[in-house]
Amino acid sequence: LFAASQGWDLQFQPEHINHKKNSLHFIALAKDFNLFVAGVWITNSDAPEWRALGEYWKGLSTPEAENCWGGDFDLDGDGKKFDDGNHFSIKHEGIR
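The structure presented is a predicted model; accordingly, all values stated were derived computationally and were not measured. (Residues numbered from 1 in each chain as written. Predicted model: local features only at pLDDT ≥ 70, side-chain atom pairs only at ≥ 80, totals over all residues. Heavy atoms only, no water.)

Draft legend 1. Fine view of the packing of aromatic side chains. Scanning all chains against the criterion turns up seven aromatic pairs. Judged by centre distance (6.4 Å) and plane angle (25°), the ring pair of phenylalanine 36 and tryptophan 41 falls under stacked. When its relative accessible area of 22% is taken as the criterion, phenylalanine 36 is described as partly exposed. In this structure tryptophan 41 comes out as partly exposed when scored by relative accessible area, which is 48%. Measuring from ring centre to ring centre gives 6.1 Å for tryptophan 50 and phenylalanine 88, while their planes differ by 40°; the resulting arrangement is tilted. Residue tryptophan 50 is found in helix H2 (residues 48–59), and its partner phenylalanine 88 is found in strand S5 (residues 87–90); the two are separated by 38 residues along the sequence. Phenylalanine 88 shares its class with tryptophan 50; the two are buried. What links up through ring pairs into an aromatic cluster is the set Phe12, Phe33, Trp50, Trp57 and Phe88. (Phe/Tyr/Trp six-rings, centres within 6.5 Å; stacked < 30°, edge-to-face > 60°. Buried < 20%, exposed > 50% of the residue type's maximum accessible area, 1.4 Å probe, protein only. Helix = DSSP H or I, 4+ residues; strand = E, 2+ residues; numbered from the N terminus.)

Laid out in structure tokens, this is it:
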């Protein structure tokens, strides 16, 4: 609803995309999306639209459920973000 209120088209990414073992995608706690703004597919995680969606999603967290956005991920701790801005999840057993 937030994306639609901004005039953006947010679509579920097909589930056949490969995910790593133990991914939250396999237990329905993570989803990847495709984002279109004015008909243009936004693939860069640094795009302000992805940032707005990620911040909105994280803002919906509760004490019982921490919402996570892939655009914040630094998987190897080198200070560089992992380009996964289309990933939205709920943290479960330490996995985001």
